[in-house]
Amino acid sequence: GEIAEIEDLEIRSPLLLGDERSTTIRSRIDAQDGSITIIGREQLSDEPWTLHAVARIRREAQHTLLHEPFSKLPGRPPDFTSASHAELTRAVGITYGPAFQCIDQGWVEGNSALALYRIPEDVACQPAHLPPSLLDGAFQLVFQILRDVIGEHEGVAFVPTSMGRIAFHAGQSDPYLARATLLRASPHSLHAEFAIFAADGKPIAVVKDARFRSIRLSRGAADHLRFLAYH
């Protein structure tokens, strides 16, 4: 339909992909209650399936979440560019590939960040309502909001664990602007919301009640020594 809504999305176990093995993924939708389960396991493996995520499709999707006001761009020069954004994420410990380098430039306004998209060519041709890398680009804006305190959490990044409600409006133009708003932050968790707009100001997607938890991406010298001692 024109509007789709998903609620209570919970990531139970991260899906890790690599070049050395293939993974089979199954998505199931219960026709009775609209519940979704996403499971996976290594291809040709006899191991039990891993439950990666659960969610539920709202039977009667509403326009309510898609009334987000379009954020006008500040008149001043941008606070960050694609190059400085990439440098910031590398400082955290994340090196994004070309498809996930989709932020062109942006501004930080208090507890919110705005950014214009730069859609990579291989992403633009993807047959997806909303390419995952563009949604992730909106999530990346949290780094900009927290950039003044990133040095206090060296080697620590925040990954999404759940999303309360997600609304998507089909048939819109390409994503043009992303906005992230940080609602609450602690050393181990974040609470935020996101909105993605087309160039004409119409909302394409809105994510409410998104929660993130901290993970350590790099080990300190002491951890390396313990790792060696273990082996």
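Look up a bit, the structure's there.
So, here's what we can say about the structure.

About the cut-offs
- Residues numbered from 1 in each chain as written.
- Predicted model: local features only at pLDDT ≥ 70, side-chain atom pairs only at ≥ 80, totals over all residues.
- Heavy atoms only, no water.
- 1 Å grid on protein atoms, 1.4 Å probe; cavity = no way out; pocket = protein on both sides within 12 Å on 5 of 7 lines; lining within 4 Å.
- Points joined across faces, edges and corners; volume = space filled by probe spheres on them.
- Helix = DSSP H or I, 4+ residues; strand = E, 2+ residues; numbered from the N terminus.
- Pairing = 2+ DSSP bridges.
- Salt bridge = Lys/Arg side-chain N within 4 Å of Asp/Glu carboxyl O.
- Buried < 20%, exposed > 50% of the residue type's maximum accessible area, 1.4 Å probe, protein only.

1. Focus on empty space enclosed by the protein
Phase 1 of the analysis: Inspection of the entire model under this criterion finds 1 cavity of 30 Å³ or more.
Phase 2 of the analysis: The volume enclosed by the largest cavity comes to roughly 50 Å³.
Phase 3 of the analysis: Lining the largest cavity, in full, are E68, R179, T181, E193, F194, A195, V206, V207 and K208.
Phase 4 of the analysis: Breaking the lining of the largest cavity down by element, the ones donating at least two residues are β9 (175–185), β10 (189–198) and β11 (203–216).

2. Focus: the pairing of strand β4 (residues 50–57)
Phase 1 of the analysis: Pairing analysis gives 4 bridges linking strand β1 (residues 3–11) to β4, with the strands arranged antiparallel. Of the residues in β4, the one forming a bridge with E7 is R56.

3. Observations concerning the pattern of salt bridges
Phase 1 of the analysis: Counted according to the given criterion, the structure contains 13 salt bridges.
Phase 2 of the analysis: A salt bridge links E7 to R58, with the shortest nitrogen-to-oxygen separation between them at 3.1 Å. Of this pair, E7 sits in strand β1 while R58 is found in the loop between β4 and β5 (80–81), placing the two residues 51 residues apart along the sequence.
Phase 3 of the analysis: By relative accessible area, which is 26% here, R58 ends up partly exposed.
Phase 4 of the analysis: Where R179 meets E68, a salt bridge forms, and the shortest distance between an N and an O atom there is 2.5 Å. Linking R179 in strand β9 with E68 in the loop between β4 and β5, this pair joins segments that are 111 residues apart in sequence. As far as burial versus exposure is concerned, R179 and E68 are alike and both buried.

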